[in-house]
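Structure assessment
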Amino acid sequence: MIAAPTVATGARDRWGALALNDLRDDLPALASRLAREVERGAWLDAYLLAAGLNQVVDDHLRPEIYPLDQAVEYLATRPRPSSRLIGQVLSALATAGRAVGPRRPSGARVTRWRQEVAAIVDALADAVARRSSPVGEAYPDLLAACRALVRGVEELPRALRREVIRPPACFSSFDQQPADVLRLVCEFGERSPRRRPLLVVGVRTSGSYLAPLCRAFLRADGWEQVQVLTVRPECGLTRSDRALVRSVVRRGGSALITDDPPVTGASLARVAAQLEAAGAPSESIVLLFQLFGAERPRALDRYRSVVLPSPDWAIDARFAPVGVKRDLATLLGPEADVLAVEPLPLPAPRSARSHRRALFRVSLRESPGARRIEEHVLVEGIGLGWLGARRLAAAHAVPGFRPRLFGVRDGVVYREWLAPEQKVKIDDDAQLVAAAVAAYASERRRTLPVADDISLRLAGQRPVWDVVSVITSRAFGRAWPLAKVALVDRVVKRLLRVDQPSVVDGQTDLRYWFFRDSAKRSLVKVQPLGGAASNLGLSCFDAAFDLAGATARVAQPGFARDVRQAYAELGNPRVDEERWLLYELAHLWGRQRTHPEEETELRRPCARALQRYFAAVYLHDVQARSSGPLCALDVDGVLETEHLGFPALTPASARALRALMLHGYRPLLATGRSLGEVEERCRAYGLPGGVAEYGAVTYVAGDRRARGLLPGSAAAALARLRRVLSETDGVHLDDDHRYGVRAYALDGRGARRGLRAATVDACLSRSGADGIAPILGEGQTDFMARDVDKAVGLRALVGDLGPGSPSGAARPFALAVGDTESDVPLAALAALACAPAHAPAALRLAGYRPMTMRYQAGLAQAVGLLLGHPPGTCPICRPPAMTPERRLLHALLAAQENGARSMAVQAVKLALGAG
């Protein structure tokens, strides 16, 4: 047995010497820094840099075929057999593309250079494992090899030189350490003969860092024949990889597979299956990995595993009071005296897959004879070596916003604890908060510039532009993977182009902002150490991304405007509406990935982002009127669409709203959506009011007045039904609906669907809810009293609006537009009732005039009938002038506003505009 290594601390005091690039360096930068770290004798940092070089070159030699591999991964989750068949075809194409390999002669040069890198990785892994430097003649040889490596970079293909490192989750996002690798290796080797050959297979990316360490520890423990291979699961094994596997198996050897802690175990299982297909018996395969928790995924049950549960990780000893006391004594210096360290309770993190953290009450004297003081100190993992130091370095670039830092030691940071009561709330001085957010982003932009936007090189790694492309490509329905590759990627890159790139924080949500003290005059921004290097990706180099992160989940009107205004007043360029919208959507996507339980409630902020955008573009110069003809507009399928995964206007419906209001009409909403959602839309679009929950409640925007219309007996019946539904397995309720009841179930992919007819009948019967009728929707089932409908609500709303509204008229509305059977009663209220082409025949039979166009294009057609010209084509309602970028985004958002038939037209517009 050999001793556990002590992790080097050389990087902790060198923040200023480290180039800051969001942990994203390309090959020349990595090679140059490797040579410097070897020259300094910083063996851990040198090893991490060399392993990063190895990962970049391995990915170049065995590449992902972007975006084929992404499409294969997506189609594999689809329920349709045709989707899986298409996925198999694409997978075969990707495999064929990889089989071609790098072109000659550059391929041979790259292969030789990679062999040189592998030799350096091997030597440095041995240095880390032995806790010592290469001795004797080995050190000059190693330094010379690193310097030769730097010179050799210039001879490599330009495409390889520009490829960017992927930070490993194991040593960056999690708190794994070399000592943990040692524990796994020792446990594996306890009963194994040392002469057997071993093949250590690392699952990239983390495997590029873990596998060489495994080999080093195995050799230090007496194993004589150990080879290393790294594999990306979606890429599979090459011919030479399979030959290596067969060679080890023929000699009676074993394959050890290592990766960071698994969630489902799918990647480990996939690589194990590939080894089996190459000829390795399942009994010769051993999995080495750490666990968040104690139970390994069931997908790995058929293989022998050596695991390290989370309580046994090496990092845990650092969070014991004795370890904290020792570290603080070292960090504070010989003059300080740490008297006592007492652990305090700390809420558990939402996810175990994050850095460890603990809270302590520390009693100390800062110098001999000084009075005793108490500090609440947060101790948190930050990442190993330069991977952690680089992330924390950004906080030092804006010292006015960071909490007091006691120091960093061996991948653990010690800082002052900010109590929950100090956390910023938007109800506090919103302008002060907005000014602080703007100043923080502005200061980072000034102090952390970079030469170019490296995120543009990160295809397949979920940079912000890629996430935005995924979100907006949904406008093309089932064709979105093709549209993304062919059109949307180019469009989004153009929309998010940044002239002065800088390193962004990436996590500026208000939950990370605190008041420095009870006076609430200044703010502190804590640095969540998962950061942009987490598995989510979201790499970006535009300071505006940090601004949008602070506003994305804030419902308060005007906060986003105040942040942008404060940022511009500091001398920064104004952020255009398009970038602001897309960055907010990217942040909300990231929030959903880290908090999947919030998926339903995050639809509202996504919808608000689009509401703010269209209001800013189309309605900023429109004045609301207190009198004028009324129009009743349904929301879902008429005014808005959900093709992006959440409700939103499209350019056609935004032009229709603008035209109605500028020509003196007063649009009112008539919808089954909740009162809160109607209130948000009225505020965003400047509408006088609306009817929510199928007529059960009216809302007047002028005085923010709501009036419920449900009879007492109906309200009681709905309350009984709500209780029965809440007790029914598999049924979920939307708490936003307070007058009616909105219920839904979830399918196998977590998407909403309506309730089964049998469930509806059973719940109505059990609740005795007489007089209550179900209303079927695409993603829910609503329940409302039979004698309450949208017409009842609209008649009441006309009276609520007061003078200037035709409350006594038989047909008080100039126009009504609806698309479902719940809109049938509106025909009797309107002089002109129109239904988009996708509406059911029941509306036509009720007196609606059918349009030839669908969805929002159908609404625009109906408004054109009323006005006598298409919306936006006369001097009165013509939209403001648009930039080329705005026209591009609108062509994208308009992809399905007339159904699938409009997609080809918009695709042509995008192709011409992006070209």
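Residues numbered from 1 in each chain as written. Predicted model: local features only at pLDDT ≥ 70, side-chain atom pairs only at ≥ 80, totals over all residues. Heavy atoms only, no water.

**Concerning the sheet that holds strand β16 (residues 697-700)**
To keep it simple, the criterion reads: Any two strands are treated as partners once DSSP identifies two or more bridges connecting them. Secondary structure elements follow DSSP: runs of H or I of four or more residues count as helices, runs of E of two or more count as strands, with numbering from the N terminus. Whether two residues touch is decided by their heavy atoms; if any such pair falls within 4.5 Å, the residues are in contact. For every element, the axis is a line fit to its C-alpha atoms; helices are fit only across the contacting stretch, and the angle between N-to-C directions ranges from 0 to 180 degrees.
With mixed pairing, the eight strands of this open sheet are ordered in space as β17-β16-β15-β14-β13-β23-β24-β25. Where the open sheet ends on each side, the last strands, each with one partner, are β17 (705-708) and β25 (849-850). Judged from the two bridges that link them, strand β14 (residues 666-670) and strand β15 (residues 689-692) form a sheet pairing that is parallel. Residue pairing in the sheet places Leu 669 in a bridge with Gly 690 of β15. Contacts from helix α22 (residues 675-685) reach β14, β15, β16 and β17 within the one sheet, and its direction differs from that of β15 by about 160 degrees.

**Notes on the pairing of strand β4 (residues 285-290)**
Note the cut-off: Each residue gets one of three labels from its accessible area relative to the maximum for its type: buried under 20%, exposed over 50%, partly exposed in between, using a 1.4 Å probe on protein chains only. A clockwise path from the first strand over the helix to the second, with the strands pointing away from the viewer, defines a right-handed crossover.
The buried fraction of β4 is high, at six of six residues. Where burial is concerned, the two faces of β4 agree: the one with Ile 285, Leu 287 and Phe 289 and the one with Val 286, Leu 288 and Gln 290 are both buried. Examined bridge by bridge, strand β3 (residues 254-258) and β4 share four bridges and lie parallel to one another. When the bridges of β4 are listed, Thr 258 appears paired with Leu 288. Of the crossover connections in this fold, the one passing from β3 over helix α11 (residues 266-277) to the parallel β4 is right-handed. By the bridge criterion, five bridges tie β4 to strand β5 (residues 304-308) in an arrangement that is parallel. By the bridge assignment for β5, Gln 290 is matched with Leu 308.

**Brief notes about the pairing of strand β13 (residues 630-633)**
What you see with β13 is no split at all: Leu 630 and Ala 632 on one side and Cys 631 and Leu 633 on the other are buried throughout. Here four bridges tie β13 to strand β23 (residues 813-817), and the two strands are oriented parallel to one another. In the sheet register, Cys 631 faces β23, and the bridge partner there is Leu 815. Both β13 and β14 contribute to a ladder of four bridges, which runs parallel. Bridge assignment links Ala 632 to a residue of β14, and that residue is Leu 668.

**Remarks on unusual backbone geometry**
Cis rather than trans, the peptide bond between Arg 204 and Thr 205 has omega equal to 20 degrees. At Arg 704, a position not held by glycine, the phi torsion is positive, near 50 degrees. In this structure, Arg 704 sits in the loop between β16 and β17. Here Arg 704 falls in the exposed class, since its relative accessible area comes to 60%.

**Side note on the side chain of Ser 363**
By the secondary structure assignment, Ser 363 is in strand β7 (residues 357-365). Ser 363 has contacts with Asp 337, Val 338, Leu 339, Ala 340, Arg 372, Ile 373 and Glu 374, leaving out every residue within four places of it along the chain.

**Description of the nonpolar core**
Under the convention used in this document: Residues belong to one nonpolar core when they are buried, are Ala, Val, Leu, Ile, Met, Phe, Trp, Tyr or Cys, and are joined through side-chain atoms within 4.5 Å.
Within the largest apolar cluster, 112 residues are counted, with the highest numbers of intra-cluster contacts made by Val 464, Phe 476, Trp 513 and Phe 559. With sequence-adjacent residues up to four places away left out, Val 464 is seen in contact with Leu 496, Leu 538, Ser 539, Cys 540, Phe 545, Tyr 583 and Ala 586.

**Details of the packing of aromatic side chains**
What counts is decided by this rule: Here is the rule: rings of Phe, Tyr and Trp (six-membered ring for Trp) pair when centre to centre is within 6.5 Å. Planes less than 30 degrees apart are stacked, more than 60 are edge-to-face, and the remainder are tilted.
Applying the stated rule across the entire model yields nine aromatic pairs. Seen from their ring centres, Phe 188 and Trp 223 are 5.5 Å apart, and the 25 degrees between their planes marks the pair as stacked. Of the two residues, Phe 188 is situated in helix α8 (residues 178-189) and Trp 223 in the loop between α9 (207-220) and β2 (226-231); the sequence distance between them amounts to 35 residues. Of the two residues examined, Phe 188 and Trp 223, each falls in the buried class. Arranged with centres 6.2 Å apart and planes meeting at 85 degrees, the rings of Phe 401 and Trp 513 form a pair that is edge-to-face. Of this pair, Phe 401 sits in the loop between α13 (385-396) and β9 (405-409) while Trp 513 sits in strand β11 (residues 513-515), and the two are 112 residues apart along the sequence.

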